[in-house]
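One letter stands for each residue in the lines below.
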Amino acid sequence: MSALKQSSISPLEAHVGYWLRFVSNHVSHAFSRKVEACGVTVAEWVLLRELFECDGMAPSELAQRLGMTRGAISKLIDRLVGKALVAKTAGERDRRYQSVALTKEGRKLVPELAALADRNDEEFFNGLSAVERETLMRLMKKIVRTHGFKEIPTD
């Protein structure tokens, strides 16, 4: 390869995406280990957290809110039912309609998992001032809005 062609190739470290992925992988992996120690995956945590705010909703609404397919939501719900963290109930008038809600155990676990998320953020972003954190969040949200991203990250 000629020196000209080789020098025109930007290094990995010259890309914002490289640094976003670098940081994201470390933050996400650490959080994943923390929640898995409590018996859930990150995707399950996201669903539990959503139900904590709006307890008792249809799986289709959960899928829409989280930007997931109905099949993926069904699998998550089934796993959480198996862990006794959520319960499904059929509608009184229409047995085809199902509602998903946290169980007592699920409602108790969500604040514990939220505290883990808070500690994980503190662990990784404590080197930033409050203003820097706010700026970073604002910029990430701007990118999300600009591109219309809807799917909530679960892995």
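Conventions adopted
Residues numbered from 1 in each chain as written. Predicted model: local features only at pLDDT ≥ 70, side-chain atom pairs only at ≥ 80, totals over all residues. Heavy atoms only, no water. Helix = DSSP H or I, 4+ residues; strand = E, 2+ residues; numbered from the N terminus. Rg over C-alpha atoms; globule rule 2.2 N^0.38 Å. Buried < 20%, exposed > 50% of the residue type's maximum accessible area, 1.4 Å probe, protein only. Areas by Shrake-Rupley, 256 points an atom, 1.4 Å probe, with all protein chains shown as cover. Expected span 1.5 Å × (residues − 1). Contact = heavy atoms within 4.5 Å. Salt bridge = Lys/Arg side-chain N within 4 Å of Asp/Glu carboxyl O. Core = buried A, V, L, I, M, F, W, Y, C linked by side-chain atoms within 4.5 Å.

J.: Honestly, the overall build of the chain in this entry has me stumped. Any pointers?
T.: Helix and strand counts for the chain stand at seven helices and two strands. When the helices and strands of the chain are placed in sequence order, the string is α-α-α-α-α-β-β-α-α. Computed over the C-alpha atoms, the radius of gyration of the chain is 20 Å, more than 25% above the 15 Å expected from 2.2 N^0.38 for a compact globule of 155 residues. Within the chain, the fraction of its 155 residues that count as buried is 26%. Just so you have it, the chain exposes about 10900 Å², and 56% of that area is on carbon and sulfur atoms.

J.: Please clarify how helix H6 (residues 104-125) should be interpreted in this entry.
T.: Structurally, the α-helix is built with 3.6 residues per turn, so residues lying three or four positions apart point the same way. Here H6 contains 22 residues, and its C-alpha end-to-end distance of 33 Å stays within 8% of the 32 Å for a straight helix at 1.5 Å per residue. Taken residue by residue, H6 has Gly106, Leu109, Val110, Leu113, Leu116, Asn120 and Phe125 as its buried positions. Buried residues along H6 sit against helix H2 (16-36), helix H3 (42-53), strand S2 (98-102) and helix H7 (130-147).

J.: How should I be thinking about the pattern of salt bridges in this particular structure?
T.: Think of it this way: side chains of opposite charge can pair up when their charged atoms draw near. Scanning all chains against the criterion turns up eight salt bridges. Across the salt bridge formed by Arg65 and Glu50, the nearest N and O atoms sit 2.8 Å from each other. With Arg65 in helix H4 (residues 59-66) and Glu50 in helix H3, the pair connects residues that are 15 residues apart, well separated along the chain. Residue Asp78 pairs with Lys88 through a salt bridge whose shortest N-O separation is 3.1 Å. On the criterion of sequence distance, the pair formed by Asp78 in helix H5 (residues 70-82) and Lys88 in strand S1 (residues 86-90) is long-range, its members being ten residues apart. With a relative accessible area of 43%, Asp78 lands in the partly exposed category.

J.: How do you make sense of the nonpolar core when you look at a structure like this?
T.: Inside soluble globular proteins, nonpolar side chains tend to come together where they are buried. Counting 27 residues, the largest nonpolar core has Leu47, Leu48, Leu51, Leu62, Ile73, Val86 and Leu113 as its most contacted members. When residues of this core are traced back to their parent elements, those giving at least two are H2, H3, H4, H5, S2 and H6. Here this core gets seven residues from one element, more than from any other, and that element is H3. Aside from chain neighbours lying at most four places away, what touches Leu113 is Phe31, Val35, Cys38, Val40, Trp45 and Leu48.

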